[in-house]
Amino acid sequence: RNIGHKIGVFGPDTFALTETIDIAKGASEGVICANAVVDETTPAAHKLREKLKSQFKHEPASMFNSALGYDGLKVMFKAITSGLEFSKAMSEMQYDQGLIKVNGFNSDGMFKIKTVLMEIKAGKLVQIP
C-alpha cells in the first residue's frame, strides 16, 4: 500500500479470526477468505462455546476448528456404535446436522462442507453474497 499498488489478497480461514484482524488492523481491509458456516444458534454450539470459554478462560476467537472436531467425533462415535464394519457404517450413515453446515459425504466419506466467502470490511467479517 505504501507504494500505491492495490492487489487482492485471498487467505485461509485463519484470516477470519477476530484476533488476526485486530493484529493486522487496517492491513486486513479488503482481504477475502473462505470459511465454513458454523451454526452457532444451536444448544450444542452454546454448550461447546461455554466449555471452551471455561477451559481456556476467554471467548474462542473462532468456533470453526472446535466445531469441526465436535462434528467429526460425533460422526465417528455414530459409526463405531452402529455395529457395522466402519467403511460400511460411513457409507450408509444418515448425517444429522452438527455445528458445521454439511451437505452429506463425498465418495471418500469426507464431509461436503458448505463454505462461504467472507470479506473484511471496517475490521469486521462480512459474508459476500
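Only a predicted model underlies this, so the values are computations on that prediction, with no experimental measurement involved. (Residues numbered from 1 in each chain as written. Predicted model: local features only at pLDDT ≥ 70, side-chain atom pairs only at ≥ 80, totals over all residues. Heavy atoms only, no water.)

Caption draft 1: Spotlight on the overall build of the protein. A count of helices and strands for the protein gives four helices and six strands. Start at the N end of the protein and walk to the C end: the helices and strands fall as β-α-β-α-α-α-β-β-β-β. Its C-alpha atoms give the protein principal-axis dimensions of roughly 65 × 35 × 20 Å. Counting over 129 residues, the protein shows a buried share of 28%. Put simply, 48% of the contacts in the protein that link residues at least 6 apart link residues at least 24 apart. A distance of 4 Å separates the average location of the 16 positive side-chain charges in the protein from that of its 14 negative side-chain charges. (Helix = DSSP H or I, 4+ residues; strand = E, 2+ residues; numbered from the N terminus. Buried < 20%, exposed > 50% of the residue type's maximum accessible area, 1.4 Å probe, protein only. Contact = heavy atoms within 4.5 Å. Lys, Arg positive; Asp, Glu negative; His and termini not counted. Charge placed at Lys NZ, Arg CZ, Asp CG, Glu CD.)

Caption draft 2: Highlighting the pattern of salt bridges. Applying the stated rule across the entire model yields five salt bridges. Linking Arg-49 and Glu-40 is a salt bridge whose minimum nitrogen-to-oxygen distance equals 2.5 Å. When the shortest N-O distance is used, the salt bridge between Glu-59 and Lys-53 registers 3.2 Å. Judged by relative accessible area, Glu-59 falls into the partly exposed class, the value being 38%. Each of Glu-40, Arg-49, Lys-53 and Glu-59 takes part in one network of salt bridges that share partners. (Salt bridge = Lys/Arg side-chain N within 4 Å of Asp/Glu carboxyl O.)

Caption draft 3: Just the nonpolar core, in detail. Core analysis: the biggest nonpolar cluster contains 19 residues, and Val-38, Val-75, Ile-100 and Phe-105 have the highest contact counts within it. Secondary-structure elements contributing two or more residues to this core are α2 (43–56), α3 (64–80), α4 (86–92) and β3 (102–105). Among the elements that make up this core, the one with the highest residue count is α3 (four residues). Other than its neighbours up to four places away in sequence, Val-75 contacts Met-90, Met-93, Tyr-95, Phe-105 and Phe-111. Of all hydrophobic cores here, the second largest spans five residues; its members include Ala-16, Cys-33, Val-116 and Met-118. (Core = buried A, V, L, I, M, F, W, Y, C linked by side-chain atoms within 4.5 Å.)

Caption draft 4: Examining α3 more closely. Along its 17 residues, α3 runs 24 Å from first to last C-alpha, staying within 8% of the 24 Å computed at 1.5 Å per residue. Every buried residue of α3 is accounted for by Phe-64, Ala-67, Asp-71, Val-75 and Ala-79. The arc enclosing the buried residues of α3, seen along the axis, measures out at 105 degrees, which places them on a common side. The exposed residues of α3 that point more than 90 degrees off its buried face are Asn-65, Leu-73, Phe-77 and Ile-80. Buried residues along α3 sit in contact with β2 (32–36), α2, α4, β3 and β4 (111–113). (Expected span 1.5 Å × (residues − 1). Arc of directions from axis to C-beta.)

Caption draft 5: The arrangement of α2 in detail. With 14 residues, α2 ought to run about 20 Å at 1.5 Å a step, and its terminal C-alpha atoms sit 20 Å apart, in line with that. Buried residues of α2: Ala-45, Leu-48, Arg-49 and Leu-52, and no others. Buried residues of α2 fall within an arc of 100 degrees about the axis and therefore sit on the same side. Structural note: α2 exposes Pro-43, Lys-47 and Lys-51 on the side pointing more than 90 degrees away from its buried face. Elements that come into contact with the buried residues of α2 comprise α3.

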